[in-house]
Amino acid sequence: MKPFIVAIDGPAASGKGTLARRVAIHYGMPHLDTGLTYRAVAKALLDKGLPLDDEPIAADEALHLDLRTMDKNILSAHAIGEAASKVAVMPAVRRALVEAQRNFARALPASVLDGRDIGTVVFPDAQAKLYVFASPEVRAKRRYDEIIGKGGAADYAEILADLKKRDERDTTRTDSPLKPANDAHLIDTSEMSIEAAFLAAKKLIDHAL
Ligand code: C5P
């Protein structure tokens, strides 16, 4: 039977990860944060002192990635997200990681995938597609609060500038740029609680199930 896919896309700090986890728990579906796959490749290159922009070298890392060894805590560092968006522009890297992401979902009856290109490229025929977004200012404030909440130091203006730079790189790349799929349900989380976003997502998913 065709696997049931919930595709959740959107920019950094839009709330897509939180929503994806909430949806996955509610429906008991396995969840893949595809951003981690790009982050894992970037981290492997950084650890080995290899360049981030050499396509054959980066693609080789991507081909050998084992999804089971990805550790969200280790990969969540800000610098790794920045490096990930650099390796993510290379088509050979994307091809290898998209293949791994598809294999993950095809082995399951149902799953939730979140990222930038799930509804447009990875699973264009996903049964439920959501595109989660919020203004850059709201997203930067969330990141800021998150870091401060964990006892860290943060500079709002710097976070905002970095987010805009990453948005620019993700939306303007030639291969699989970040954009809503034509048939995606848009959720603006700028002024919305997680619960309200979840209820909107649930309505769509229940209808598709
Ligand atoms: O979502 P996260 O911030 O972990 O993603 C890190 C980077 O990986 C993004 O900025 C983007 O460049 C890339 N990415 C992607 N396609 C995905 C998921 C992430 O290009 N499906």
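What you see is a predicted model, and the numbers here were worked out from it, not measured in a lab.

A. Looking closely at the layout of surface pockets. The space that makes up the largest pocket amounts to roughly 1200 Å³. Forming the boundary of the largest pocket are 49 residues, of which Ala 13, Arg 39, Lys 72, Arg 143 and Glu 146 lie nearest the centre. Where the lining of the largest pocket is concerned, the elements lending two or more residues are helix 1 (16–27), helix 2 (35–47), helix 4 (72–75), helix 5 (78–87), strand 3 (110–115), helix 8 (136–149), helix 9 (156–172) and helix 10 (194–208). Ranked by residues supplied to the lining of the largest pocket, first place goes to helix 9 with six residues. Across the lining of the largest pocket, the residue classes tally to 16 nonpolar, 14 polar and 19 charged. Residue lining of the second largest pocket: 13 residues in total, with Ala 40, Lys 43, Ala 44, Leu 65 and Thr 69 positioned closest to the centre. Put simply, the parts of the chain that give the lining of the second largest pocket at least two residues each are helix 2 and helix 4. Broken down by class, the residue content of the lining of the second largest pocket amounts to six nonpolar, two polar and five charged.

B. Expanded view of the UniProt feature "domain: Cytidylate kinase" (unreviewed entry) in the chain. The sites that carry the UniProt feature "domain: Cytidylate kinase" (unreviewed entry) are, in the present numbering, residues 6–196. The span residues 6–196 shows a helical share of 54% and a strand share of 12%, and its end C-alpha atoms are spaced 18 Å apart.

C. Seen up close, the packing of helix 2 against helix 6 (residues 91–106). It is the contact of helix 2 with helix 6, at a shortest axis distance of 10 Å, that shows an interaxial angle of 130°. As summarised for this structure, helix 2 and helix 6 are arranged oblique, according to the angle between their axes. When the axes of helix 2 and helix 6 are compared, the crossing they make is right-handed. The segment helix 2 lies against helix 6, with Thr 37, Tyr 38 and Val 41 engaging Val 93, Arg 94, Leu 97, Val 98 and Gln 101.

D. A look at the confidence of the model for the chain. Averaged over every residue, the pLDDT of the chain is 96; residues scoring 70 or more account for 100%. For this predicted complex, the interface confidence score (ipTM) comes to 0.99, while the overall pTM stands at 0.96.

E. Structural detail: the pairing of strand 4 (residues 128–133). Among the six residues of strand 4, five are classified as buried, and the element is accordingly described as predominantly covered. Direction of pairing for strand 1 (residues 4–9) relative to strand 4: parallel, over a ladder of four bridges. Note on strand 4: the bridge partner recorded for Ile 8 is Leu 130. Bridge count between strand 4 and strand 5 (residues 185–188): four bridges; the pairing is parallel. What sits directly across from Tyr 131, in strand 5, is Leu 186.

F. Broad picture of the pattern of salt bridges. Applying the stated criterion to the full structure yields 15 salt bridges. The partner of Arg 22 in a salt bridge is Glu 195, and the shortest N-O contact between them spans 3.1 Å. With Arg 22 in helix 1 and Glu 195 in helix 10, this residue pair connects regions lying 173 residues apart in the sequence. Looking at Arg 22, the relative accessible area reads 27%, which means it is partly exposed. Between Glu 61 and Lys 48 there is a salt bridge; the shortest N-O distance is 2.6 Å.

G. A look at the site of the ligand. Taken together, 15 residues lie around the ligand, and Arg 39, Arg 94, Asp 117, Arg 166 and Asp 170 are the ones closest in. Interatomic distance of 2.6 Å between a side-chain N/O atom of Arg 39 and an oxygen atom of the ligand. With the chains in place, 96% of the 450 Å² that the ligand exposes on its own is no longer accessible. Counting atoms within 2 Å of the grid points, the majority share of the ligand lands in the largest pocket. Counting residues per element, the ones that place at least two in the shell around the ligand are helix 2, helix 5 and helix 9. At three residues, the largest contribution of residues to the shell around the ligand is made by helix 2.

H. Region of interest: unusual backbone geometry. Its identity is not glycine, yet Ala 13 carries a phi of approximately 60°, on the positive side. Structurally, Ala 13 can be placed in the loop between strand 1 and helix 1. The class of Ala 13 is buried, set by a relative accessible area of 15%. Although it is not a glycine, Ser 176 adopts a positive phi angle of roughly 55°.

The rules we used
Residues numbered from 1 in each chain as written. Predicted model: local features only at pLDDT ≥ 70, side-chain atom pairs only at ≥ 80, totals over all residues. Heavy atoms only, no water. 1 Å grid on protein atoms, 1.4 Å probe; cavity = no way out; pocket = protein on both sides within 12 Å on 5 of 7 lines; lining within 4 Å. Points joined across faces, edges and corners; volume = space filled by probe spheres on them. Helix = DSSP H or I, 4+ residues; strand = E, 2+ residues; numbered from the N terminus. Nonpolar A, V, L, I, M, F, W, Y, C, P; charged D, E, K, R; others polar. UniProt positions renumbered as here; feature names shortened; annotations may be inferred. Axes fitted to C-alpha atoms, helices over the stretch in contact; angles between N-to-C directions. Parallel < 35°, antiparallel > 145°, perpendicular 65-115°, else oblique. Left-handed = near helix turned anticlockwise from the far one by under 90°. Contact = heavy atoms within 4.5 Å. pLDDT = per-residue confidence, 0-100. Buried < 20%, exposed > 50% of the residue type's maximum accessible area, 1.4 Å probe, protein only. Pairing = 2+ DSSP bridges. Salt bridge = Lys/Arg side-chain N within 4 Å of Asp/Glu carboxyl O. Near = heavy atom within 4 Å. Polar contact = N/O pair within 3.5 Å; in protein donor to acceptor, adjacent residues only side chain to side chain. Areas by Shrake-Rupley, 256 points an atom, 1.4 Å probe, with all protein chains shown as cover. Sits in = over half its atoms within 2 Å of the grid points.

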